[in-house]
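Here is how the chains run, residue by residue.
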Amino acid sequence: MSKLVEIKVPDIGDFDEVAVIEVLVKPGDTVAVETPLITLESDKATMDVPAPQAGVVKEVKVHLGDKVGEGAAILTLEVDEAAAETKPDTAVASADSAKKTPLVGDTPAEPKTEKTSEPQRAPIAQPADTPTVAAPQADPSETQSGALPHASPSVRKFARELGADLRRVHGRGPKGRILREDVQRFVKAELSTPRGAGGAGLDLLPWPKVEFTKFGAVESRPLSRIRKLSKANLARNWVMIPHVTQFDEADVTELEEFRKEINQDAAKDGIKVTMLCFILKALVPALTRFAEFNGSLDGDNLILKKYFHLGFAVDTPDGLVVPVLRDVDKKGVLQIAREMGELSVRAREGKLKAADIQGGCFTVSSLGGIGGTAFTPIINAPEVAILGVSKLAQKPVYRDGVLVPRLMLPLSLSYDHRVIDGAMAARFITYFSGELGDMRRALL
Ligand code: CAO
């Protein structure tokens, strides 16, 4: 047999009227003992009123924004009579029964830490480290999935004050509970995310949380300082810059012969001239001719640089770094080779100074010494383009109708489509490939 009982607001201490800020259940919901039904907010505390017994919600008698005091009807609950009789203390959560067990939360509204919210008497305001029981939700603005975010009342209040949608906050507390710091982290990240004109932002799902140990043995390795820095930079550049990558191949047959030739002498001076040195040198005329590639976006202005400081990506044991070779236009290939060698050594030894990695206009990332046919490099903001270089390969090429073996160098040019159009990128890479095909052009 079942019967209907009216659940009322229990003793809430010194408050006559407090606002209903959340209605956590709706008719038809099945609630267990202690399932939060509504959340009340006084000027001192936020309190959940839990179900004093299990049952099915028949009618909800309060609405968001209502002011209620002790004894006000919250809802009617259909309960199992037999069960109710075996639990005389909780059978009816009337004002009477509440008086027997005062449920007062003296929780400060703004606890400094989770622990300071410990109430002095039996709480309806849960201490923040007590998880709020997930319950079906009446207010669709709070959750569409039907699951109440797992957070204490004080954290929910904090999130509400900041306008943070708890469904999008990744909880790092026990059992995924959302902590105050999680809300702060979320809001910080939101504020640092640029908005489009419509203010839509990136509505990303939280990062998947997987208990990897369930599937096998694992080892957790902290990221190096460099990797942490590049992680943040690469992620920003990838999502903020509309990248397009243009591919081409440069015929470097003669250039490679020349490189080997000059290397015999250069080696005596302890210098190794690699293809990258010629690439940096040949970039100067290309960047001069196509000045946008030597630019940076500054709001609605494109800053065109009249200097040629070129970055090159160096693979180090701790991750990727990009030292900058200054005034490449004023240096010959041998000097470029010497300085590149010195910068690479310092990069690998972790001895680069701040000035060594600043002021770059354009970056080259060469994986040619390692392998691969092409890749799509990520632009090094605030630059607007980056050149990827892959491994030389001898290929059959038609020249004047005759198939001849040529040494081809794969190039991948990623550019910021806000600044550079596809046609301009195709012109740039065609011009640049032509230079590598005949370095005399770089002198023009
Ligand atoms: N095709 C074929 N061989 C190439 C080549 C290419 N495109 N580029 C270089 N090589 C050869 C060099 O000639 C050299 O040969 P030898 O050992 O016979 O002399 C060898 O590969 C190694 O070259 P290197 O790496 O010492 O010199 P480099 O000037 O080409 O590159 C540096 C210098 C610092 C850029 C490079 O060592 C490096 O760290 N590259 C990785 C950059 C990187 O990680 N980019 C990815 C960024 S995106 O994640």
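Refer to the structure above for everything that follows.
Because the structure is a prediction, the values reported are computed rather than measured.

A.B. asks: Tell me what's going on with the site of the ligand, and back it up with residues and numbers.
C.D. replies: Taken together, 21 residues are adjacent to the ligand, and Thr274, Arg348, Ser365, Ser390 and Leu392 come closest. Contact distances for the ligand include 2.5 Å between an oxygen atom and a side-chain N or O atom of Thr274. Here a nitrogen atom of the ligand and a backbone polar atom of Gly368 are 3.4 Å apart. Bound to the protein, the ligand loses 70% of the 950 Å² it would expose on its own. For the shell around the ligand, the leading source of residues is helix H8 (residues 333-348), giving three residues. Tallied by class, the residues present in the shell around the ligand amount to nine nonpolar, seven polar and five charged.

A.B. asks: Any details on the packing of aromatic side chains? Residues and values, ideally.
C.D. replies: Applying the stated rule across the entire model yields seven aromatic pairs. Taken together, the ring pairs connect Phe290, Phe293, Phe362, Phe428, Tyr431 and Phe432 into an aromatic cluster. Its end group placed over the ring of Phe158, Arg180 keeps NZ or CZ at 4.0 Å from the ring centre.

A.B. asks: So what's going on with the environment of Ile379? Which residues, and what values?
C.D. replies: By secondary structure assignment, the location of Ile379 is in the loop between strand E16 (362-366) and strand E17 (385-389). When its relative accessible area of 0% is taken as the criterion, Ile379 is described as buried. In this structure, the C-alpha to C-alpha distance between Ile379 and Ser414, residues 35 residues apart in sequence, is 6.7 Å. Excluding its chain neighbours within four sequence positions, the residues that come into contact with Ile379 are Asn237, Ile241, His243, Val384, Ala385, Ile386, Ser414, Tyr415 and Asp416.

Basis of the calculations
Residues numbered from 1 in each chain as written. Predicted model: local features only at pLDDT ≥ 70, side-chain atom pairs only at ≥ 80, totals over all residues. Heavy atoms only, no water. Near = heavy atom within 4 Å. Polar contact = N/O pair within 3.5 Å; in protein donor to acceptor, adjacent residues only side chain to side chain. Areas by Shrake-Rupley, 256 points an atom, 1.4 Å probe, with all protein chains shown as cover. Helix = DSSP H or I, 4+ residues; strand = E, 2+ residues; numbered from the N terminus. Nonpolar A, V, L, I, M, F, W, Y, C, P; charged D, E, K, R; others polar. Phe/Tyr/Trp six-rings, centres within 6.5 Å; stacked < 30°, edge-to-face > 60°. Lys NZ or Arg CZ within 6 Å of the ring centre and 35° of its normal. Buried < 20%, exposed > 50% of the residue type's maximum accessible area, 1.4 Å probe, protein only. Contact = heavy atoms within 4.5 Å.

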